[in-house]
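One letter stands for each residue in the lines below.
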Amino acid sequence: YNGKLESLTKDQPEFIIPRVLNLRNRINLELRKGENKNLQPIYKLALKLAKDSKNEEMIRDTRFAYAQVLLSTQNEKEAFEIIKELIPDLDNTLIDRKAAFFEILAKNYKDVGDYKNAFVFYKKIYNLPESPSQQRSIALANMILSSFELKDYDNYDEYFRALKKYQDNYSTIIALKTRK
């Protein structure tokens, strides 16, 4: 079906945006079927068509959609590279996914030992009004841990007092206790 749809609309510029959307749906279908080998070639075609459309929102949304697919396939490093480039556009698309993207950025910065940037993104997660309380408490715990790694103890007491509001979230407290 997808192949036939693509061949029928291939040479018709008025169908560029529907083709991009069809290819993005195809990526999700391939992902659900567990056929990950086709994801990148389909994405490259979708991105090329999005660029051909000269529609900045379509290009941005296609890149965000692929980053989400990469996260689903545990390919966080590549998703991290895409997301880093798209940070300035987070206010314009996928607002409800902002905390998740910030979390990936923070985790990757932490994994490479860049605790300063990790702290920045954990703080952004904590300050997002739409972040659920569990995500906020974990972000706060990671702010404490990042501060500890940076040997910056100026706000340690303030962060720890704020963390006590989430005392029912045992995973956060356990994460802190195992780190000491």
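Just so we're clear, the structure is a prediction, and the values are computed from it rather than from any experiment.

**Here's the deal with the environment of Ala106**
- The residue Ala106 is located in helix H6 (residues 98-111) in this model.
- Classification of Ala106 by relative accessible area gives buried; the value is 0%.
- Residues Ala106 and Ala139, spaced 33 residues apart in sequence, show a C-alpha to C-alpha distance of 9.2 Å.
- Leave out the neighbours within four places in its chain, and Ala106 touches Ala118, Phe121 and Tyr122.

**Observations concerning the environment of Ile59**
- Within the secondary structure, Ile59 is located in helix H4 (residues 56-72).
- Overall, Ile59 belongs to the buried group, its relative accessible area being 14%.
- A sequence separation of 39 residues divides Ile59 from Val20, and the C-alpha atoms of the two residues are 9.5 Å apart.
- Beyond its immediate chain neighbours, meaning those up to four positions away, Ile59 contacts Leu47, Ala50 and Lys51.

**A word on the packing of helix H7 (residues 115-127) against helix H8 (residues 133-150)**
- Their axes nearest at 8 Å, the elements H7 and H8 cross at an angle of 155°. In terms of their interaxial angle, H7 and H8 are classed as roughly antiparallel. The two elements H7 and H8 cross, and the hand of that crossing is left-handed. Every residue of H8 that contacts H7 at Tyr115, Lys116, Ala118, Phe119, Tyr122, Lys123, Ile125 and Tyr126 is listed here: Gln135, Arg136, Ala139, Leu140, Asn142, Met143, Ser146, Ser147, Glu149 and Leu150.
- Of the residues belonging to the contact of H7 with H8, the class tally is 10 nonpolar, four polar and four charged.

Definitions and cut-offs
- Residues numbered from 1 in each chain as written.
- Predicted model: local features only at pLDDT ≥ 70, side-chain atom pairs only at ≥ 80, totals over all residues.
- Heavy atoms only, no water.
- Helix = DSSP H or I, 4+ residues; strand = E, 2+ residues; numbered from the N terminus.
- Buried < 20%, exposed > 50% of the residue type's maximum accessible area, 1.4 Å probe, protein only.
- Contact = heavy atoms within 4.5 Å.
- Axes fitted to C-alpha atoms, helices over the stretch in contact; angles between N-to-C directions.
- Parallel < 35°, antiparallel > 145°, perpendicular 65-115°, else oblique.
- Left-handed = near helix turned anticlockwise from the far one by under 90°.
- Nonpolar A, V, L, I, M, F, W, Y, C, P; charged D, E, K, R; others polar.

Purely geometric numbers; function is a separate question.
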